[in-house]
Each structure stands twice: as structure tokens, then as C-alpha cells.
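These are the residues of each chain, in order.
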Amino acid sequence: MDILLPGRFYTEEFEREARACGWDGRMIPVHWRKSTRGERIRNRILGRRSPSSAMIAPGPSELAGIGILLHAWPMDEAELSSLVDGVPELRWIHTAYTGAEVAVRAAGDRPIAVTNAGSQTTTAVSEHALALLLAMARSLPEHFVATRDREWVAPPAQTLEGSTLMVFGLGRIGSAVASKASCLGSRVIGIRNRVEIGGPDSVVDVRSTDEAVKTLGEADFVLLALPSTPKTDNLVNHDFLAAMRPGAVLVNVGRAETIDDNALVGALNSGHLRAACLDVTREQPVSGSSPLHGAPNLWLTHYTASQQAEGDHLREARHTFLDTLERYVKGDPLENRIDLERGY
């Protein structure tokens, strides 16, 4: 059974380690070329995202026999879907990301197993989330802007100690943020669909989403660490934001689809929210026509929460894939397997 993967993941050592797991087949790297000026102009006319590179599609002989597909940067959703459609024998997609909705959509109704990065990015994303919470609490962006503009200001500030943090999504990342914030003295309330599962010791109370929306006024900070599913998409709408405490802060390190952008901009324009910090946005990069463009007290970190040193990221991603590959070859249950109905 052959493996298709982005060229940046491939090394001869990686292939040797895969064979040591019991796998025996071809490892076929996919490469990208710089997109042409004509392609960028055409995409702009059609209103499509204009990537700086274009995938060199493998030929039929290369796709024949592919059973495993490793999804990672720079492979976008359209490229992944086209590959999946062209590989009738595909049995497993492993995505090197925490969010697996792109792979789930590509798999569709076919009997394809989907696995994700598991805990690979938990430390980086949870540290990033904590940094954003601290930055918002201490109004650091306002200080940096004032310094750049040579102004002397004293924006409002507070501490995480003694504050209430409401974490939506108690998966690996949400639980890790809860633990870190609790160590700093925050009162952490966890939100999840299945309340009966409970939460980590750092969470003082676990509530359902419906209950949480009714009690949003308790929170100084609201952190989103949610997947994109029909139940979570546009969860943060006008009613949700209106229920938040005046002057509260919203931070999102989950999926962009959970927020209604127009509703968020309205809450920022009115001053109801003190600030919002998003690592994720529906459009990358945010264009001049986006409702987010120019919104006051909105700070973006442009999908960098999971970033690590380049060598560390690739090493961890390869290690996670190889661990899962060994289980796959042995026929053991796959770790980090996505429930295709729930989407996470």
C-alpha cells in the first residue's frame, strides 16, 4: 500500500523508519511550483484565494495503489479533495493538523479512516493561548502601538489571578489552557457537549454549551478551542456576544467558523467587548473587504499558534504519523481517529 505525502515531509530516513514499522510500498512525494501571474489574476477575478504555489498533480501511474495520504502544508483543501477523488483505493488520511474538518470533508461518505495530529501541537497552541490571554489582560498591544507612535498612554489592565476564564472545548488544547490559567490563579469554567465526562482538576465547573451561553456574564475572558462542526459553526453570534460581560475579552485558537464575523465586529465597534484576539480567520489573509478589516481592538496572530521551530515541527509530525502507521499496519485501533459523524 503506497503513501502519498507533501515533498517537504519526505526524507530517505523517514522512508526507512516507515518500513521499520512493517509498511511495504512506495512513498510518493507531491511537489509544488510557484503559481504564475496569470493564475493569480484569474483567481482574483473569480474571487478565489490566490496561493503563491500550485500543486504539481501526480499522474495516474503514481496514484495507482495509493492507500494512505498524509495531509499537511502546503496542501490546501481543494488540492486534498482532488487527490482523494483521484485515488479510489484510499483507506486512510492522516492530517498533520489538530483540526481535521478539511480531511473529514474530503473523505465524504467513503470508508476512509481519518486521524489527526493528536497532542502534537498541544503545548505550542496552549502556550500561545495563554500568551494572548496575558497580553489582553495587560493591554500589551495598546502599549506597543503607543510606543511605536511615541505616545504615553495608560490603557486598562487586569490580572489573570482572580479572573474568571470560560473555556469552550475541553479537548487536549482547552484542558491544557485551563491548567495553565488555573496555575496563575484564574477561576476556570469548562464548556463541553458531554458534561458527564467532566473535566481536568483545574476546572472548577463543567457546563453544557446551552448552560454556558446563559451564564456568559460570569466570565472576564472567553476562550474558544472548538472544532468546526454544524453545532459549533457561528456559535459566537449576536446573542452570544450580547450575553458576555461588558468589557470582556474573546480569544479564539480553535476554528474560525465558530465566530460570526459581522456580530464580532459589531460588539467591538459598540465597545461591548474590550478586545478580541483571533489566531484564526475565515479568510487568510484578511482582505480589505472583510468585516474584520479595521475593526477596533481586534488583534490577529494569523494561524501561528501551532508554530514551533521548523525542525521540531517536522520531527514531531513525522513521529506522530509513524506511530499511527505502525498501528495501521498491525491492524490495531488507531490513536487520534476522528469520529466522522461528530467531526472531531
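Residues numbered from 1 in each chain as written. Predicted model: local features only at pLDDT ≥ 70, side-chain atom pairs only at ≥ 80, totals over all residues. Heavy atoms only, no water.

(A) Structural view of the side chain of Arg192. For Arg192, the position within the fold is in the loop between strand S8 (187-191) and strand S9 (203-207). A polar contact of 3.2 Å, which involves the side chain of Arg192, links it to the backbone oxygen of Leu170. Setting aside residues no more than four positions away along its own chain, Arg192 makes contact with Leu170, Ile197, Gly198, Gly199, Val206, Arg207, Ser208 and Thr209. (Helix = DSSP H or I, 4+ residues; strand = E, 2+ residues; numbered from the N terminus. Polar contact = N/O pair within 3.5 Å; in protein donor to acceptor, adjacent residues only side chain to side chain. Contact = heavy atoms within 4.5 Å.)

(B) Summary view of the sheet that holds S9. Here seven strands make up an open sheet; going across it, the order is S9-S8-S7-S10-S11-S12-S13 and the pairing parallel. At either end of the open sheet lies a strand with only one pairing partner, and these are S9 and strand S13 (298-300). Going across the sheet, the axis of each strand differs from the next one's by a mean of 15 degrees, ignoring polarity. Those strands touched by helix H11 (residues 261-270) are strand S11 (248-252), strand S12 (273-278) and S13, and its axis lies near 140 degrees from that of S12. (Pairing = 2+ DSSP bridges. Axes fitted to C-alpha atoms, helices over the stretch in contact; angles between N-to-C directions.)

(C) A look at the pattern of salt bridges. Tallying each qualifying case throughout the model produces 14 salt bridges. Close ionic contact of Arg105 with Glu77 constitutes a salt bridge, the shortest N to O distance being 2.8 Å. Here Arg105, found in helix H5 (residues 101-107), pairs with Glu77, found in helix H4 (residues 77-85); they are 28 residues apart in sequence, far enough to count as distant. Classification of Glu77 by relative accessible area gives partly exposed; the value is 31%. By sharing partners, the salt bridges in this structure join Arg187, Asp205, Arg207 and Glu218 into a single network. (Salt bridge = Lys/Arg side-chain N within 4 Å of Asp/Glu carboxyl O. Buried < 20%, exposed > 50% of the residue type's maximum accessible area, 1.4 Å probe, protein only.)

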